[in-house]
Amino acid sequence: MIFEHKSVLLKETIEGLDIKPDGIYVDGTLGGAGHSGEILKKLSKGGRLIGIDQDEAAIMTARDRIGQDERVSIVRDNYEHVPGILHGMQIDKVDGILLDLGVSSYQLDTDDRGFSYKSDAPLDMRMDQRQRITAREIVNGYEERELFRIIRDYGEEKFAQNIAKHIVLERAKKPIETTYELNEIIKTSIPARMRQDGHPSKRTYQAIRIECNRELEVLKNSIEGMIDLLNGGGRLAIITFHSLEDRIVKTAYRTAEDPCICPPNFPQCVCGRVSKGRVVNKKPITASAKELECNSRSKSAKLRIFEKA
Ligand SMILES: C[S@@+](CC[C@H](N)C(=O)[O-])C[C@H]1O[C@@H](n2cnc3c(N)ncnc32)[C@H](O)[C@@H]1O
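These numbers were taken from a predicted model, which means no experiment stands behind them. (Residues numbered from 1 in each chain as written. Predicted model: local features only at pLDDT ≥ 70, side-chain atom pairs only at ≥ 80, totals over all residues.)

Turning to the overall build of the chain, a few remarks are in order. A count of helices and strands for the chain gives 13 helices and seven strands. Since a compact globule built from 309 residues should have a radius of gyration of about 19 Å, the 21 Å found for the chain is in line with a globular shape. Here the chain holds 309 residues, and the buried ones make up 44% of them. Nonlocal contacts in the chain, meaning residues at least 24 apart in sequence, comprise 67% of its contacts between residues at least 6 apart. (Helix = DSSP H or I, 4+ residues; strand = E, 2+ residues; numbered from the N terminus. Rg over C-alpha atoms; globule rule 2.2 N^0.38 Å. Buried ≥ 20, exposed ≤ 12 C-beta atoms within 10 Å, placed from the backbone. Contact = placed C-beta atoms within 7 Å.)

Once that is clear, we can look at the site of the ligand. Taken together, 21 residues lie near the ligand, and S7, T29, G31, G34 and D55 sit nearest. Tallied by class, the residues present in the shell around the ligand amount to six nonpolar, 11 polar and four charged. (Near = placed C-beta within 6 Å. Nonpolar A, V, L, I, M, F, W, Y, C, P; charged D, E, K, R; others polar.)

Its domain assignment divides the chain into domain 1 (10–106 + 215–308) and domain 2 (132–212). In this structure, domain 1 and domain 2 have C-alpha centres spaced 31 Å apart. In this assembly, five residues from domain 1 lie in contact with four residues from domain 2. Split by residue class, the side of domain 1 that touches domain 2 holds three nonpolar, one polar and one charged. (Domains from an automatic or database assignment.)

Here the focus is unusual backbone geometry. Despite not being glycine, A33 shows a phi value in the positive range, around 65°. Secondary-structure assignment places A33 in the loop between β1 (24–27) and α2 (34–42). The exposure class assigned to A33 is buried, which follows from the 28 C-beta atoms found within 10 Å. Its identity as a non-glycine residue notwithstanding, R214 has a phi of 50°, on the positive side.

Here we come to the packing of helix α7 (residues 144–155) against helix α10 (residues 202–212). Relative orientation of the contacting elements α7 and α10 amounts to 105°, with a least axis distance of 8 Å. Compared by their axis directions, α7 and α10 come out roughly perpendicular. Of the residues in α10, those in contact with I150, I151, Y154 and G155 of α7 are R203, T204, Q206, A207, I210 and E211. Class assignment for the residues of the contact of α7 with α10 results in five nonpolar, three polar and two charged. (Axes fitted to C-alpha atoms, helices over the stretch in contact; angles between N-to-C directions. Parallel < 35°, antiparallel > 145°, perpendicular 65-115°, else oblique.)

Strand order in the open sheet formed by seven strands is β3-β2-β1-β4-β5-β7-β6, with mixed pairing between adjacent strands. Among the strands making up the open sheet, the edge pair consists of β3 (72–76) and β6 (277–279). Ignoring strand direction, the axes of neighbouring strands in this sheet form an average angle of 15°. The sheet contact formed by β1 and strand β2 (residues 48–53) spans four bridges and is parallel. Along β2, the bridge assignment pairs I24 with R48. Lying on the sheet, helix α1 (residues 10–17) is in contact with β4 (94–100), β5 (230–240) and β7 (302–308); it crosses β5 at an angle near 160°. Across the sheet, helix α11 (residues 215–228) touches β4, β5, β6 and β7, and the angle it forms with β5 is around 150°. (Pairing = 2+ DSSP bridges.)

Written out as structure tokens, the structure reads:
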């Protein structure tokens, strides 16, 4: 199994994590172990790395690449379970956590995973193949108003209502099974003169993928707990790929830095909420011109770093 993936913002992320050679690090989205491989280069013999991914193919590739290293533990799980995973390893605190969100190019390029509108495949889109719900279930089973909400909110698609309507009309004739069938439905739902900004299916696929993998919910539920797991000076680095994810990270970091909910006219804080640390970079770090040239995936990437007090 070859999991080829050009790691995004590699240098910036490693610098941002400010790695302590004997520290404990968690990579919550191991993928092809590109970032993890670089973290390992910075760790001494006393350091430790816990790599997590929910995708079996990613786990197999990572095992091949870094699994022999005795500083490494590889776990197939969802990163939302990091607190429990560390607890099970009797680890209280760590020095850094990395999330490089979304799908990998390996997942996108593996036809039968159904992530890409560019190849004909069964509607699947699960990152964790053990999961029951697939894109097929969403497309054929969700009520029209739910489909509309998902495509509008997660895809930021202007024609969400029409797409949802056409999906429901088509599936009444026969179940929608493949990506190409779905592409056709989306195409007919968007007026030709309005089809701009990439492939017409792009936004709808993003929406269904986010829903299928609960991507935003998992991210939202994880950030505060991850900050709580850091040692003083420890860092959380998160790379996002669209505005919905980035907004969640930005808001969570801001709240962790300044959690006070007292009205602004109060002379002093009475809510008792204490800052957990500081946002290291007020503006997100984006890819350099050089990286953009050789890795198109880095175009929308934004890196935000939080440091625990
Ligand atoms: C962009 S890739 C990571 C690439 C990796 N940083 C590298 O340099 O090779 C994202 C990976 O995160 C995994 N992933 C996404 N969300 C996850 C989650 N909630 N829990 C565990 N793994 C997740 C995906 O399966 C995918 O393998």
